[in-house]
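# Geometric and topological summary
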Amino acid sequence: MRAIVKSLNCLVESEPAPAATSAALRTADVRSSDARTGTQVDTLPIIGPQHSRIYSGFLLAILSMPVDNTHKSALVTPDAPQATIRGAGGGECKLKLNSDRTLDALCNQAGGTVFVVFK
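Everything in this summary refers to the structure shown in the same document. Note that this is a predicted model, so its numbers are computed, not measured.

Each disulfide consists of a covalent bond between the sulfur atoms of two cysteine residues. Across all of its chains, the model carries 1 disulfide by this definition. Put simply, C93 and C107 are joined by a disulfide, and their sulfur atoms are 2.0 Å apart. Taking the torsion about the sulfur-sulfur bond, which here is approximately 120 degrees, the covalent link between C93 and C107 counts as right-handed. Of this pair, C93 sits in strand β6 (residues 92–97) while C107 sits in strand β7 (residues 103–118), and the two are 14 residues apart along the sequence.

Okay, the pattern of salt bridges next. A complete count under the given rule lists 3 salt bridges for this structure. Close ionic contact of D42 with R53 constitutes a salt bridge, the shortest N to O distance being 3.5 Å. One end of the pair, D42, is in strand β2 (residues 39–51); the other, R53, is in the loop between β2 and β3 (58–67), and 11 residues separate them in sequence. Looking at D42, the relative accessible area reads 2%, which means it is buried. The class of R53 is partly exposed, set by a relative accessible area of 44%. Note that E92 is salt-bridged to K94, the shortest N-O span being 3.7 Å. Residue classification places E92 among the buried positions, given a relative accessible area of 17%. Several salt bridges converge on common partners, so that one network encompasses R86, E92 and K94.

Rules used in this analysis
- Residues numbered from 1 in each chain as written.
- Predicted model: local features only at pLDDT ≥ 70, side-chain atom pairs only at ≥ 80, totals over all residues.
- Heavy atoms only, no water.
- Disulfide = S-S within 2.5 Å.
- Helix = DSSP H or I, 4+ residues; strand = E, 2+ residues; numbered from the N terminus.
- Salt bridge = Lys/Arg side-chain N within 4 Å of Asp/Glu carboxyl O.
- Buried < 20%, exposed > 50% of the residue type's maximum accessible area, 1.4 Å probe, protein only.

Here it is, written out as structure tokens:
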């Protein structure tokens, strides 16, 4: 769990400014000495509707959206497969885990970011 948190913190800190965000996928590979398999984190910028690839080893996803001078976040897991964040001025981001282990995301007015943690 510490390795996952460390990886997410690195990705959040290295996230480019919203104007400089590209549609490129970023991945962090996290390995700890006690883990038998590596855990990876994909970073997906969300502007408008997005559909992800299949994550067969899906663990969780974190939806993050800038609101004023801070970020709001929501968690999606297999047990809680949907999340919504509402921002100022009617801005909203939604994230849904589908039964085939793909993700559907939608952000209007303000873009967001999804961090997908998988094995």
